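Reading the structure
Here is what each chain is made of, one letter per residue.
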Amino acid sequence: MIGPTTAYRKVRLRRCMSRLLDELQSEFMDEFLLLLLNAMRLVLAVDAAYHRNIEYKGETFNATYVFRDASGAVEVTAKFEPVRIGFIKRQRLRVRRGAASSSDVEVMFVNGRALWEFLMSPDPDVFDFILNNKLQTRGNLNYLMKFGYMANRLKEQPRLSAAAT
Amino acid sequence: MVQRVLLTDDADLSAFDDLAAGGLDRLQRLKNRYLEIVERKNGRGVEVCIERARLITDSMRDAEASDEPMILRRARAINHYLSNRDVTFHDENLLAGATTSKEMGAPVYPELLGMSIWPELDSISERTSNPQYLSRENANTLNLDVFPYWMERTVLEQTRKRVEHEDPETFLALELMERVSFFINGGGATVSHVVPWFADVLEKGLLRMIDEAAARQAACASDSNPLSDRKDAFYQATVLSMHGILNYASRLRDEAHQRGFHEIAEVLSRVPAHPAQTFHEAIQTVWLCHVAILAENVNMAMSPGRLDQVLWPYFLADCERGELSIERALELIGCLWFKIADNTNLVPESAEKMFGGAGSVPAVTVGGVDRNGEDAVNDLTFLMLHATELLCIRDPNVNARIHLGKNPDEYVDRVARTILTTRAIPAVYNDEVVIASLQEQGVDLEDARDYAIVGCVEPTTSGSSYAETSAVLLNLTAAMDMTLNEGKRPPFKLGDREQINPDFISLTDLDAFPDFLQAFDLQLTFLVDHAVDLATALGETHRDVLPVPLLSCFFVGPMEKGIDLSAGGAKYNSSGATHVGFADVCDSLAAVQAFSEQHAGNGNPFEMMRDAVDADFIGHESILEFVRTRAPKFGGGSVDRDPAQAIAAWLVDRLYELYQSKRNARGGPYRPAYWTMTNHAGLGQIGGALPSGRRAKQVFSSGITPASQVAPDLLAAYLAVAKLCRHGPPGPEYPVPGGIALNMKYTPFVRSCRDSEYLSRFSDLIRGYFLAGGMQVQYTVQDYGTLLDAKLNPERYPDLIVRVSGYSAFFKDLNEAMQDELITRSQYDLHSGKAVLLRQYKGELT
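Every value quoted in this text rests on a predicted model; they were computed, and no experiment measured them.

The next subject is the overall build of chain A. Regarding its fold elements, chain A presents 7 helices and 7 strands. Starting at the N terminus, the α and β elements of chain A follow one another as α-α-α-β-β-β-β-β-β-α-α-β-α-α. Split into buried and exposed, the 165 residues of chain A put 55% on the buried side. Within chain A, contacts between residues at least 6 apart in sequence are counted, and of these 63% link residues at least 24 apart. As displayed, chain A offers around 7,600 Å² of accessible surface, 49% of which is attributable to carbon and sulfur atoms.

In structure tokens, the structure reads:
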């Protein structure tokens with residue numbers, strides 16, 4: 001039984017995935033990050049197995065990520081935090097433009113396409129991107145490792161898996 | 001005088017040249033299985049083993065609210081793991097126990113760098129470089145249960161928290177380290193790199209060692225010294241850890257009984273609880289203690305040491321009782337070799353570029369002299385070399401010590417034959433130079449004589465040095481790049497060059513080469529200072545959050561002092577600092593010198609060189625031609641007159657001076673070294689051009705070896721390096737105490753490796769190099785064509801072993817850059833002594 005909210009989110013997720021796929025056709029993919037984070041946010045909300053990445057056996061994942069591209073055109077904060085809706089407290093991902101004043105990890109990347117290659121490549125590898133100067137980080141790298149894993153598992157969403165391969 | 005008891009009639013072991021024919025069927029079957037796994041013919045190949053990570057994490061999580069000292073929490077976690085881990089017997093090996101629950105496993109150490117594979121959890125089984133099988137279920141356990149606990153608790157993150165606000169220079173060092181191309185500090189990933197002392201456990205057994213530790217603890221209780229609480233916790237932790245080993249051993253014994261492995265069960269009913277009485281018991285004890293040490297310490301270069309010495313009394317006793325045959329001795333040694341090779345490192349794919357193809361590099365050392373300075377070569381030395389030859393597997397990393405004044409010629413020839421047969425193993429060490437180097441570092445003569453190799457090539461004393469030999473790996477070419485670019489580096493794609501060192505000398509202010517050398521020294525000092533600062537900070541974190549009570553039981557010092565190894569309990573407490581791009585930087589400095597002298601008065605030659613290097617010499621072909629054909633090169637000329645040799649000597653002395661003045665977290669000195677594993681290939685691939693004429697993205701030179709195709713003959717190559725290992729005033733006499741890797745490639749002899757003329761030429765060259773002062777040399781006996789064919793047709797060469805710049809590796813496991821480095825590495829013809837020309841192969845290389 002799917003509630004109306006979940007059904008609505010699934011529709012939004014499908015739309016988001018479509019836009020994400022369109023974005024892959026653009027040269028620099030400036031909107032890729034926002035679309036990806038939104039997709040992640042929606043999948044966290046509708047997919048219980050995926051949601052375990054941020055809430056599992058009573059442990060919650062609280063973290064703030066700041067992403068910046070080299071041109072300064074993209075600056076996004078992604079925050080995993082608890083949200084109270086009525087009596088229910090659930091872990092959510094919040095995404096907003098602009099940089100939070102403090103974060104667990106800051107990720108600077110050349111452009112959206114480089115970030116896509118990093119997050120969605122068959123063998124995602126943070127060090128490889130650092131070695132090749134496509135990515136720079138500041139802060140706890142373990143958070144980026146986890147994010148890389150979560151982004152990669154988004155590929156299991158039907159439409160994205162085709163694009164990723 | 002070789003100690004002979006068993007090999008009296010057939011010292012050459014010619015009756016055992018073939019596994020099957022020599023009655024060594026068990027080893028043949030074990031080897032077949034080993035090859036099936038490394039070639040992935042069993043379907044899975046090497047497997048990631050999460051058992052340790054899961055059990056250790058469970059225990060640490062449960063103890064989170066406890067106010068117990070960290071050393072006790074760690075000991076409980078190790079005990080919990082050893083007491084509950086898998087006790088499966090995978091094959092017919094005569095020894096019980098395994099590093100992981102898999103036939104060949106890569107264990108996860110999440111407290112160090114285990115989490116670096118997090119993004120690869122779903123792809124590691126099928127990745128291009130060295131895939132390691134991980135089931136979906138185990139990936140989920142790591143993702144949901146194990147890794148989240150360690151997010152903020154790794155050594156690196158604990159260090160970051162500590163220095164972020166309090167120590168800006170060390171924090172800068174941490175940020176530089178995370179850029180990889182300046183320096184890498186091993187402390188975030190490993191300390192290990194030591195040789196434990198097994199003689200005590202063999203003589204006493206663990207029960208007596210536990211009693212002794214308990215007695216020391218009891219003595220602390222009645223002591224009013226303010227440090228006694230800390231000592232009390234330390235001794236408690238050692239007792240807990242040793243009980244963990246006993247629990248593991250008794251469960252293995254029960255399993256052996258159940259499976260009908262009665263001989264193994266019988267051995268385990270006595271050891272490691274009680275003193276070893278037989279050769280089999282002694283080997284089993286060493287192996288179980290090694291496994292237990294890896295439960296606590298990451299499986300990187302934990303080295304069993306001088307096994308031909310440690311096991312000799314038990315071998316001798318068996319022989320005197322008439323209970324040991326050559327076949328049986330070889331079988332037991334072979335079983336130990338396969339056990340030592342039962343694990344490999346867990347690394348992300350990019351680390352395969354930097355450290356590609358490494359196993360866990362456990363070094364075994366044979367030969368040399370004993371603590372009294374007498375010939376230590378014995379039957380076991382020969383049997384271990386023979387087993388190495390017969391099995392020809394990647395691990396253990398076998399090393400042969402040679403003392404020209406004490407060891408017989410027969411032994412040196414036997415070492416040479418093993419190298420020719422295996423084409424790569426063992427590496428050889430000059431006792432006289434190593435012992436003197438260690439003495440110059442303040443090591444007592446008897447301890448120095450008892451040195452063994454850890455990891456790739458680093459000499460340390462057995463059971464008394466906590467040597468942390470991989471504390472720093474510094475990219476010397478970064479200092480050259482920063483010199484040419486006013487302290488800025490690297491050409492980061494996210495923006496302009498970044499000012500790394502605010503202190504620099506502008507090229508416009510330079511008048512002559514000595515000024516350039518001063519500018520280079522400024523950048524070099526900056527990098528060394530920061531790399532050492534961070535290494536020291538990481539050492540402090542290890543002391544606070546990752547004490548090693550179990551390992552401390554197997555050392556001279558900690559038990560007597562009541563101080564953990566990580567806190568300085570060992571008798572000797574050095575750290576190692578190795579360097580990438582040594583010959584490239586020597587050649588670059590020599591090129592700048594030659595070019596500046598040639599162009600004096602014609603503009604600013606230093607700026608001209610910088611512009612050429614920045615452009616990768618495109619549009620500056622005349623400069624490229626000049627530096628390639630007219631500038632001197634390290635290894636390319638006379639050691640007495642060549643300016644490049646003088647520069648190399650200056651650099652070695654300068655680094656010695658910089659490091660020796662610093663102290664690590666345990667109060668010991670840093671020892672400079674020159675080995676590079678495969679980092680010279682990995683870092684070379686991302687490096688810009690250099691004044692030496694090396695173009696951008698080409699591999700750097702390996703270890704302390706002259707750049708490929710520079711040294712025209714063997715004499716030039718050997719003498720250039722020998723002169724650096726032992727020179728004299730005004731610098732230190734032995735300026736490379738941390739060890740070196742001289743990588744030589746010889747044309748194989750086509751007829752037989754027993755050919756006496758070829759063999760004697762081979763061993764004579766080792767002797768000559770050692771007499772000239774050389775410390776170490778290692779060989780790959782392959783020609784350009786074979787290696788090129790192996791690159792193009794890897795399926796034809798599944799078990800081809802080569803020497804990178806330290807350890808041995810399967811050629812097929814190396815990344816393309818490292819394969820190309822090995823192919824283009826100068827090949828020397830033993831008969832003529834000349835380098836064989838490479839040019840006919842150039843078109844087929846990347």
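After that view, the rundown keeps rolling.
What follows deals with the interface of chain A and chain B. Chain A puts 35 residues into the contact, and the matching count from chain B is 38 residues. Interface area, chain A with chain B, both sides summed: about 3,300 Å², of which 53% is carbon and sulfur. Put simply, chain A and chain B have 3 salt bridges between them. Across the pair Asp145 of chain B and Lys57 of chain A runs a salt bridge, and its minimum N-O distance is 3.7 Å. On the surface where chain A and chain B come into contact, there are 8 residue pairs in polar contact (both at pLDDT 80 or more). Among the secondary structure elements, those contributing two or more residues to the side of chain A that touches chain B are strand E6 (105-109), helix H5 (126-131), strand E7 (135-139) and helix H6 (141-153) of chain A. With 8 residues, the single largest contributor to the side of chain A that touches chain B is H6 of chain A. Residue classes in the side of chain A that touches chain B are distributed as 17 nonpolar, 8 polar and 10 charged.

All names here are of chain B. For strand E10 (residues 575-580), a buried count of 6 out of 6 residues is recorded, marking the element as mostly surrounded by other parts of the structure. Of the two faces of E10, the one lined by Ser575, Ala577 and His579 and the one lined by Gly576, Thr578 and Val580 are each fully buried. The pairing of strand E9 (residues 472-475) with E10 spans 4 bridges and is classified as parallel. If you follow Asn475 over to E10, its bridge partner there is Val580.

With that settled, the discussion passes to helix H1 (residues 25-38) of chain B. All names here are of chain B. Given a rise of 1.5 Å per residue, 14 residues ought to cover 20 Å, and the 20 Å separating the end C-alpha atoms of H1 matches this to within 8%. For H1, the complete set of buried residues consists of Leu27, Leu30, Lys31, Tyr34, Leu35, Ile37 and Val38. Buried residues of H1, viewed axially, fall in a sector of 155°; they line one side. Its buried side turned inward, H1 meets helix H14 (326-340), helix H16 (379-391) and strand E15 (808-810). Count one or two residues on from H1 and you reach Arg40, which has phi positive near 60°.

Let us look at the packing of aromatic side chains. To describe a pair of aromatic rings, you give the distance between the ring centres and the angle between the ring planes. Residue and element names in this part refer to chain A. According to the stated counting rule, one finds 30 aromatic pairs over all chains in the structure shown. For the pair Phe67 and Phe147, a centre-to-centre distance of 5.2 Å together with 50° between the ring planes defines the contact as tilted. In this pair, Phe67 sits in strand E3 (residues 63-69) while Phe147 sits in helix H6, placing the two residues 80 residues apart along the sequence. Here Phe67 falls in the buried class, since its relative accessible area comes to 1%.

What follows concerns the confidence of the model for chain B. Residues of chain B with pLDDT of at least 70 account for 97%, and the chain-wide mean is 93. Both scores are available for the predicted complex, with the pTM at 0.95 and the ipTM at 0.90.

To continue, consider the nonpolar core. All names here are of chain B. With 345 residues, the main nonpolar core has Phe554, Phe582, Tyr746 and Tyr779 as its most contacted residues. Per-element tally for this core: the top contributor is helix H21 (residues 513-545), with 15 residues. Residues contacting Tyr779, with those up to four places away along its chain left out, are Ile419, Arg423, Ala424, Val428, Tyr718, Met744, Tyr746, Phe762, Ile766 and Arg803.

Turning next to the side chain of Ser701 of chain B. All names here are of chain B. Checked against the element boundaries, Ser701 lands in the loop between helix H28 (679-686) and helix H29 (714-725). Owing to a relative accessible area of 5%, Ser701 belongs among the buried residues under this scheme. Within the local environment of Ser701, its side chain forms a polar contact with the backbone nitrogen of Ala583, the two atoms lying 3.5 Å apart. Residues contacting Ser701, with those up to four places away along its chain left out, are Gly581, Phe582, Ala583, Asp584, His680 and Ala707.

All names here are of chain B. If you trace the 7 strands from one edge of the open sheet to the other, you get E4-E5-E6-E13-E12-E16-E17, paired in mixed fashion. On the outer flanks of this sheet lie strand E4 (363-367) and strand E17 (835-836), each paired with one strand and no other. Pairing of E4 with strand E5 (residues 397-402) involves 5 bridges; the strand directions are parallel. Residue pairing across strands places Val366 opposite Ala400, the latter belonging to E5.

Before going further, it helps to examine the sheet that holds strand E11 (residues 670-673) of chain B. All names here are of chain B. With respect to topology, 4 strands assemble into an open sheet ordered E3-E9-E10-E11, the strand pairing being mixed. A strand with exactly one partner marks an edge of an open sheet, and here the two such strands are strand E3 (183-184) and E11. Direction of pairing for E10 relative to E11: parallel, over a ladder of 4 bridges. Looking at E11, one finds that Gly576 is bridged to Arg671.

Turning to the environment of Asp395 of chain B, a few remarks are in order. All names here are of chain B. Within the secondary structure, Asp395 is located in the loop between H16 and E5. The class for Asp395 is buried, based on a relative accessible area of 4%. As a C-alpha pair, Asp395 and Gly359 span 36 residues in sequence and 6.7 Å in three-dimensional space. There is a polar contact of 3.2 Å between the side chain of Asp395 and the backbone nitrogen of Ser360.

What follows is about the pattern of salt bridges. Residues and elements named next belong to chain B. What the rule picks out here adds up to 65 salt bridges over all chains. We note a salt bridge from Glu68 to Arg76, for which the minimum N-O separation is 2.5 Å. Judged by relative accessible area, which is 21%, Glu68 ranks as partly exposed. The exposure class of Arg76 is partly exposed, given its relative accessible area of 35%. With its nearest N and O atoms 3.2 Å apart, the salt bridge here joins Lys571 to Asp444. On the criterion of sequence distance, the pair formed by Lys571 in the loop between helix H23 (558-561) and E10 and Asp444 in the loop between helix H18 (431-440) and helix H19 (445-449) is long-range, its members being 127 residues apart. Residues joined by salt bridges that share partners form a network here, namely Arg306, Arg371, Asp444, Glu446, Asp447, Asp450 and Lys571.

On to the environment of Arg489 of chain B. Residues and elements named next belong to chain B. Position of Arg489 relative to the elements: it lies in the loop between helix H20 (476-484) and H21. Looking at Arg489, the relative accessible area reads 8%, which means it is buried. Setting aside anything within four residues of it in sequence, one finds Arg489 in contact with Arg179, Ser181, Phe182, Asn475, Thr477, Ala478, Asp481, Met482, Arg497, Glu498 and Ile500.

With that out of the way, let us pick up helix H10 (residues 262-270) of chain B. For H10 of chain B, every residue scored as buried is listed here: Ile264, Ala265, Val267 and Leu268 of chain B. The buried residues of H10 of chain B occupy an angular sector of 160° when the element is viewed end-on, so they sit on one face.

Right, let's get into the packing of helix H17 (residues 409-422) of chain B against helix H30 (residues 756-771) of chain B. Residues and elements named next belong to chain B. Contact geometry of H17 with H30 gives a least axis separation of 9 Å together with a crossing angle of 110°. Taken together, the axes of H17 and H30 are roughly perpendicular relative to one another. Facing H17, whose interface residues are Asp409, Val412, Asp413, Ala416, Arg417, Ile419 and Leu420, H30 presents Tyr758, Leu759, Phe762, Ser763 and Arg767. Each residue belonging to the contact of H17 with H30 can be placed in one class, and the counts come to 7 nonpolar, 1 polar and 4 charged.

What counts and how
Residues numbered from 1 in each chain as written. Chains lettered and ligands numbered in written order. Predicted model: local features only at pLDDT ≥ 70, side-chain atom pairs only at ≥ 80, totals over all residues. Heavy atoms only, no water. Helix = DSSP H or I, 4+ residues; strand = E, 2+ residues; numbered from the N terminus. Buried < 20%, exposed > 50% of the residue type's maximum accessible area, 1.4 Å probe, protein only. Contact = heavy atoms within 4.5 Å. Areas by Shrake-Rupley, 256 points an atom, 1.4 Å probe, with all protein chains shown as cover. Buried area = accessible area lost by both parts, 1.4 Å probe. Salt bridge = Lys/Arg side-chain N within 4 Å of Asp/Glu carboxyl O. Polar contact = N/O pair within 3.5 Å; in protein donor to acceptor, adjacent residues only side chain to side chain. Nonpolar A, V, L, I, M, F, W, Y, C, P; charged D, E, K, R; others polar. Pairing = 2+ DSSP bridges. Expected span 1.5 Å × (residues − 1). Arc of directions from axis to C-beta. Phe/Tyr/Trp six-rings, centres within 6.5 Å; stacked < 30°, edge-to-face > 60°. pLDDT = per-residue confidence, 0-100. Core = buried A, V, L, I, M, F, W, Y, C linked by side-chain atoms within 4.5 Å. Axes fitted to C-alpha atoms, helices over the stretch in contact; angles between N-to-C directions. Parallel < 35°, antiparallel > 145°, perpendicular 65-115°, else oblique.

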